[in-house]
Each structure stands twice: as C-alpha cells, then as structure tokens.
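# A look at the structure
One letter stands for each residue in the lines below.
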Amino acid sequence: MREGQAAPSWRITANLPVGSACPVAWKWDPIEMNEPTSHDEPAPLDENRRRVISDFVDVVEIISREMVQVASRQLAADGLTLLQYHALRAIWTSGPALDMTSIGAVTGLTASSLTSIVDRLAERGLVERHHDAKDRRRIVATITDEGEALMQRVRTRDLETLAILLEHSPTEDLATTLDVFRALHDRMREVYAPGKPG
C-alpha cells in the first residue's frame, strides 16, 4: 500500500455494520497485536470442535477478503482508498479534532504515513488541518461538513448492503453471531493484549 501499511490484525468496532478489512457492514480497524500474554494451555479439541473451528476460520477469511473487495470498489466510487477511509472515519468518530498520533492510535497507521493521507483528504475538502486551540504546537484535523456528509452516505450504504446480504438470516441467528464475534474480540484483547508493551 503506497500511503502506509496497516497493522496485520484487526478489531471490530462498536458500530459493526469488514476496513482495510471491511467497511461495508462490519467495520474492522487495525490494531497492534503482541505475542499471547496468557500462559494457559489450550483445552484439547475433540474432532468435531476442531472441524467447526477450522471451518469458522475459513469462512471468516473468505468473507473478510470478499468484503474488502466490495468495500474497495464502493469507496473508489467516492474517490477514497481504504486507508483514506480509515483516517476519515477515525476523525469522524473520535474527533472533533485529532492529531496524527491520535489518528494513528485509532487506525494502526503510522503518523508519518498519515500525513500524506490526511493531506489528500484536506485537498478533497473532507477535513481541515489547523493548530490546536489549546496547544499551538499541535496540528489537528477536523472533519468538514462535506466529509461528514460523505461518511453518512457511506454508513447508509453499508447498512443497505448488509441488509440485502443478510435478508435470509433470522434476526435471532444474527444476534447469536454478533455475540460470538464480540466474545472473540474480547478474548483477543485478553490473550494478545493489543496495543500494550511486551
């Protein structure tokens, strides 16, 4: 990726509807993942559970890859790359004003790579860069009305896309699946302690 390199792991954000894994319905944000901090021995797997987990891994990988492709095409129509989208979304959801370090903490991108990404967003009129009112040494980015309107359109499109893809799935099944992914996310943070040293 020319604009920067995302971390190799991803997290599901609260407004789930798969960022450089998948902003079409689920939003995945990159996070730093350290070596496992848990020293518990994994429970032995019976053959059926091993098979189900193996199938689960395969399905998640396939869905993630295909959702990235869909997201890339849709965002391209808006004139955005996935990395630009991640930066814009971070400012939109975690603002109102973020410096490069703060955007990097949300997206997993380096401050140096974010400079060019945010510059391009500013050229599009989607964000504005200015000195922080409380600390003139800090340069922060805020989303513009045009940028917010774009994010609202993307959000609406995400929900519409997922509504179509999931129209044959009972609500109860979706709620159960959501519980599984939330538990998986919590366990990942517990075991791998993302963003923490060592």
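### Here's the deal with the overall build of the protein
- Counting its secondary structure elements, the protein contains 6 helices and 4 strands.
- Secondary structure elements of the protein occur, N-terminal to C-terminal, as β-β-α-α-α-α-β-β-α-α.
- Classification of the 198 residues of the protein by burial places 37% in the buried group.
- With an accessible surface of roughly 12,000 Å², the protein has 54% of that area assigned to carbon and sulfur atoms.

### Notes on the nonpolar core
- Core analysis: the biggest nonpolar cluster contains 25 residues, and Leu80, Leu88, Ile103, Leu114, Ile117 and Leu121 have the highest contact counts within it.
- Take this core: its biggest share by element is 7 residues, from helix α2 (residues 82-94).
- Filtering out sequence-adjacent residues up to four positions away, Leu88 remains in contact with Leu80, Leu121, Leu126, Val127, Ile143, Gly147, Leu150 and Met151.

### Side note on helix α4 (residues 111-123)
- Under the 1.5 Å per step criterion, the end-to-end length of α4 is 18 Å for 13 residues, consistent within 8% with the ideal 18 Å.
- Buried within α4 are the following residues: Ser113, Leu114, Ile117, Val118 and Leu121. Buried residues in α4, looked at end-on, bunch into an arc of 125°, giving them a common side. Turned more than 90 degrees away from the buried face of α4, the exposed residues are Ser112 and Glu123.
- In this fold, the buried residues of α4 make contact with α2, α3 (100-107), β3 (127-131) and β4 (139-143).
- Residue Gly125 follows α4 closely and has a positive phi angle near 80°.

### A look at the confidence of the model for the protein
- Per-residue pLDDT for the protein has a mean of 80; in total, 76% of the residues score no lower than 70.
- Averaged pLDDT values for the elements of the protein fall to 40 in strand β1 (residues 9-12) and rise to 94 in helix α5 (residues 145-165).
- Low confidence marks residues 1-31, where pLDDT is under 50. Its contacts with residues over four positions away, or in another chain, come to 114 contacts.

### Overview of α5
- Here α5 contains 21 residues, and its C-alpha end-to-end distance of 30 Å stays within 8% of the 30 Å for a straight helix at 1.5 Å per residue.
- Along α5, the residues classified as buried are Gly147, Leu150, Met151, Val154, Asp158, Thr161 and Leu162. The buried residues of α5 occupy one face: seen down the axis, they fall within an arc of 100°. Exposed positions of α5 whose direction lies more than 90 degrees from the buried face are Asp145, Arg153 and Ile164.

About the criteria used
Residues numbered from 1 in each chain as written. Predicted model: local features only at pLDDT ≥ 70, side-chain atom pairs only at ≥ 80, totals over all residues. Heavy atoms only, no water. Helix = DSSP H or I, 4+ residues; strand = E, 2+ residues; numbered from the N terminus. Buried < 20%, exposed > 50% of the residue type's maximum accessible area, 1.4 Å probe, protein only. Areas by Shrake-Rupley, 256 points an atom, 1.4 Å probe, with all protein chains shown as cover. Core = buried A, V, L, I, M, F, W, Y, C linked by side-chain atoms within 4.5 Å. Contact = heavy atoms within 4.5 Å. Expected span 1.5 Å × (residues − 1). Arc of directions from axis to C-beta. pLDDT = per-residue confidence, 0-100.

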